Each structure stands twice: as structure tokens, then as C-alpha cells.
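Fold and geometry: a report
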Amino acid sequence: MPSNVTSLTARRSTTVEDALASIHAGAIADYLAAAMGRDWDGMRIVRNRAAALDLAHPGGPSLVDQLDALRTQTAA
């Protein structure tokens, strides 16, 4: 029985990580699209959603940091 519990826990963890990765990728795509269109409000909205996501999932990679790095790279 413990092997089944471990297996389910590992599967759930992978699913959550995959979902977060997908959400991060979507936010990055939205942010880049807004930046390319000089849609400052759109960029701000995506960044605010990213900050909320970072607060909801502490300890993971910071989406706000990733977006800030993109902003720095596109400004250069």
C-alpha cells in the first residue's frame, strides 16, 4: 500500500509542476506580446497576475523575476 501512496504523490507533484510550467509559459507569451505591441497596461496586468501566482506558490521559480529579466532584455 505505501508504494501506491508514494506513486500517487509523485504523479500529483508532477502534474502540479507541469501545470505551473504551462501557466508560466502562457504568462511569458502574453507579456512578450504586450511588450511587442507596447501595451503597457497589458504588461502591468500580466505582471500583477504573476505576482499573485508567486505569492500563491512560494519557493518555486519567481515568474515576476522572469518577466523582469525579459523586460531588461527587450529594453537592451
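Residues numbered from 1 in each chain as written. Predicted model: local features only at pLDDT ≥ 70, side-chain atom pairs only at ≥ 80, totals over all residues. Heavy atoms only, no water.

1. Re the side chain of Asp68
For clarity, the cut-off: Helix and strand labels come from DSSP, where a helix needs a run of H or I of at least four residues and a strand needs a run of E of at least two; each type is numbered from the N terminus. Throughout, exposure labels follow a simple rule: accessible area from a 1.4 Å probe, protein chains only, divided by the maximum for the residue type, with under 20% read as buried, over 50% as exposed, and the rest as partly exposed.
Here Asp68 lies in helix 3 (residues 63-75). The class of Asp68 is buried, set by a relative accessible area of 19%.

2. Considering the pattern of salt bridges
The cut-off we apply is this: Basic side-chain nitrogens of Lys or Arg form a salt bridge, by our definition, when they fall within 4 Å of a carboxyl oxygen of Asp or Glu.
Enumeration according to the criterion identifies three salt bridges in this entry. The salt bridge partner of Arg49 is Asp30, with a shortest N-O separation of 3.5 Å. Here the residue Arg49 occupies a position in helix 2 (residues 40-56), and Asp30 occupies one in helix 1 (residues 2-36), the gap between them amounting to 19 residues. A relative accessible area of 48% places Arg49 in the partly exposed class. Here Asp30 falls in the partly exposed class, since its relative accessible area comes to 39%. As a salt-bridge pair, Asp68 and Arg47 come within 3.0 Å of each other at their nearest N and O atoms. Of the two residues, Asp68 is situated in helix 3 and Arg47 in helix 2; the sequence distance between them amounts to 21 residues.

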